[in-house]
There are 2 protein chains.
Amino acid sequence: MNQSKRYLDIVRDIRDMIRHENIKPGDRIPSERELAETMQVGRSTLREALRSLELLGLIETRRGEGTFLSDHRNHKLVEVLSTFVLQDNQSHEDVWETRLLHEVAAIQAICQNEAASQMRVWESLRLRLKDESFMREDFVRELMVLSGNRLSLKIWFLLKQYSGDPYSGTVSFDEIDRMNNILTAIEQQDSETAVREFKAWSEWLQKERIRNGNDS
Amino acid sequence: MNQSKRYLDIVRDIRDMIRHENIKPGDRIPSERELAETMQVGRSTLREALRSLELLGLIETRRGEGTFLSDHRNHKLVEVLSTFVLQDNQSHEDVWETRLLHEVAAIQAICQNEAASQMRVWESLRLRLKDESFMREDFVRELMVLSGNRLSLKIWFLLKQYSGDPYSGTVSFDEIDRMNNILTAIEQQDSETAVREFKAWSEWLQKERIRNGNDS
DNA sequence: CTTAATTTGTCCGTATGTATG
DNA sequence: ACATACATACGGACAAATTAA
């Protein structure tokens, strides 16, 4: 049946074991030697399987302690992809556009969700806008989180880094007005206005950055 | 500096080697023993790194032949993660939403680009719609390509696989009408209608899949 | 067809660093 | 301080598959 690639069988067996034993994230799974014994494989072969799963972020191994099942949501999907997908794509414009794409979608998702748009969060966000130490990034990140799409949030985090920290620096008074307008539109579930205002702010920000030569 | 996890260094080194030596997909990379010697690590440790890269689908090892750099399309990563991580519904939904997010953005980008919306491509695409062997995926992929955002295209490719090939199967007559409507809207640069029609089609497709139980 | 060399696949033994009690 | 359990790492040995002479 499985002529070669024993370590793939091991990956499958470990998955089945986790399912059947009802192992939850954070729980410890049997040690390498135990697994090797029960599965009738060598430790080296078993370790190859464990390493693969670790690189994907599915398990976490700590020397001297053991191997643990990591949170499913912390899968290294985007991190792994970033090193192999994002790198050969040097188009800064694509990265910027794609990031904006996720941000706009987040705003639309929030507007369509009545519960989200009526949240108490907006009030506190408005208050924080007045703080001097408030950063642009905090504002956008809050929107991404509230969209409820964790995968999109993760991708956004990465794209943000690859855009050369587009939200660095502190905000001006003019920008606080912009943000307040966006928040108002969201509270009124006016998706169109919110997106339009956000895009306008984003474009202004991009030009501002180019003018200042922050192209790292 | 690097206290533990030597195999992670090896992963990085191999990646850098591939970059600097300009190794292309299909090319053979040095043997395990050679790499172990040049990198001054044991062969077992090196194999752990290679296994990880193989599970990601980045390399391909054939017994007796060697190790080869594989085409980036063959991501085993997808199968593993889909059976491992995406067990809960929220993750599935996030993937589906994020994919749709990129598709909608692509349509909007095309509509806003006069040159793209007036292209000759649409005619040929209409003709291909009549072909029996025409697949749903061809239609959507064409849209993604024409959006001009290559990064978004790459992300879409992966998300598509993660969704469990949402576009598998052949199209029905009803669907061809839907696609034609979408194309018409795009040609008229009517972004709203195009997006609305596309979303409707996508939702219908999702329900259809759930009804047929294609959840692999 | 046979043989030899190369390469991956697998397992074992041993030593070491680390955390826990 | 000591013992135990565990992951980390290395090198050796042999099997299996492929290729070339």
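Right above here is the structure, for reference.
Presented here is an overview of the structure given in this document. (Residues numbered from 1 in each chain as written. Chains lettered and ligands numbered in written order. Predicted model: local features only at pLDDT ≥ 70, side-chain atom pairs only at ≥ 80, totals over all residues. Heavy atoms only, no water.)

All names here are of chain A. One way to put it is that helix H5 (residues 92-112) packs onto helix H8 (residues 136-147) with a least axis distance of 8 Å and a crossing angle of 55 degrees. On the basis of their axis angle, the class for H5 and H8 is oblique. H8 is crossed by H5, and the crossing has left-handed handedness. For the pair H5 and H8, contact is made by His102, Glu103, Ala106, Ile107, Ala109 and Ile110 and by Val140, Leu143, Met144, Leu146 and Ser147, respectively. Its residues assigned to classes, the contact of H5 with H8 comprises eight nonpolar, two polar and one charged. (Axes fitted to C-alpha atoms, helices over the stretch in contact; angles between N-to-C directions. Helix = DSSP H or I, 4+ residues; strand = E, 2+ residues; numbered from the N terminus. Parallel < 35°, antiparallel > 145°, perpendicular 65-115°, else oblique. Left-handed = near helix turned anticlockwise from the far one by under 90°. Contact = heavy atoms within 4.5 Å. Nonpolar A, V, L, I, M, F, W, Y, C, P; charged D, E, K, R; others polar.)

Taken together, 25 residues form the shell around DNA strand D, and within it Glu32(A), Arg51(A), Lys5(B), Arg6(B) and Thr45(B) come nearest. Within 4 Å of the protein, the contacting atoms of DNA strand D are drawn from sugar and phosphate to the extent of 72%. Within the contact set of DNA strand D, a phosphate oxygen lies 2.8 Å away from a backbone nitrogen or oxygen of Arg6(B). Elements supplying a minimum of two residues to the surface near DNA strand D: helix H2 (32-39), helix H3 (43-55), strand S2 (59-62) and strand S3 (66-69) of chain A together with helix H3 (43-55) of chain B. Looking at the surface near DNA strand D, its residues break down into one nonpolar, nine polar and 15 charged. (Near = heavy atom within 4 Å. Polar contact = N/O pair within 3.5 Å; in protein donor to acceptor, adjacent residues only side chain to side chain.)

What follows deals with helix H8 (residues 136-146) of chain B. All names here are of chain B. Most of H8 is tucked away, with eight of its eleven residues classed as buried. Looking at H8, one finds that the buried residues are Arg136, Glu137, Asp138, Phe139, Val140, Leu143, Met144 and Leu146. Of the residues trailing H8, Gly148 is marked for its positive phi of about 90 degrees. (Buried < 20%, exposed > 50% of the residue type's maximum accessible area, 1.4 Å probe, protein only.)

Soluble globular proteins: nonpolar side chains tend toward being buried together. Within the largest apolar cluster, 39 residues are counted, with the highest numbers of intra-cluster contacts made by Ile10(A), Ile14(A), Met39(A) and Leu46(A). Listing elements by their share of this core, those giving two or more residues are helix H1 (6-20), H2 and H3 of chain A together with helix H1 (6-20) and H3 of chain B. The residues contacting Leu46(A), other than those within four sequence positions of it, are Ile10(A), Glu32(A), Leu35(A), Ala36(A), Met39(A) and Val41(A). (Core = buried A, V, L, I, M, F, W, Y, C linked by side-chain atoms within 4.5 Å.)

Next up on the list: the protein's contact with DNA strand C. The environment of DNA strand C is formed by 25 residues, the closest being Arg6(A), Ser44(A), Thr45(A), Arg33(B) and Arg51(B). Considering the 4 Å shell around the protein, atoms of DNA strand C inside it are sugar or phosphate in 65% of instances. A distance of 2.9 Å separates a phosphate oxygen of DNA strand C from a polar backbone atom of Glu32(B). A distance of 3.0 Å separates a base nitrogen of DNA strand C from a polar side-chain atom of Arg43(B). Elements that contribute at least two residues to the surface near DNA strand C include exactly H3 of chain A together with helix H2 (32-39), H3, strand S2 (59-62) and strand S3 (66-69) of chain B. Residue classes in the surface near DNA strand C are distributed as one nonpolar, ten polar and 14 charged.

Residue and element names in this part refer to chain B. On the basis of which strands lie adjacent, the open sheet formed by three strands has the order S1-S3-S2 and antiparallel pairing. Edge positions in the sheet fall to strand S1 (28-29) and S2, since each has one partner strand and no second. Pairing of S1 with S3, which is carried by two bridges, proceeds in the antiparallel orientation. When the bridges of S3 are listed, Arg28 appears paired with Phe68. (Pairing = 2+ DSSP bridges.)

On to the packing of helix H10 (residues 173-187) of chain B against helix H11 (residues 191-212) of chain B. A pair of packed helices is captured by two measures, namely the crossing angle of their axes and the spacing between those axes. Residues and elements named next belong to chain B. At a minimum axis separation of 8 Å, H10 and H11 run at an interaxial angle of 160 degrees. By the angle between their axes, H10 is roughly antiparallel relative to H11. Handedness of the crossing formed by H10 with H11: left-handed. Contacts between H10 and H11 involve Glu175, Arg178, Met179, Asn181, Ile182, Ala185 and Ile186 from the first element and Thr193, Ala194, Glu197, Phe198, Ala200, Trp201, Trp204 and Leu205 from the second.

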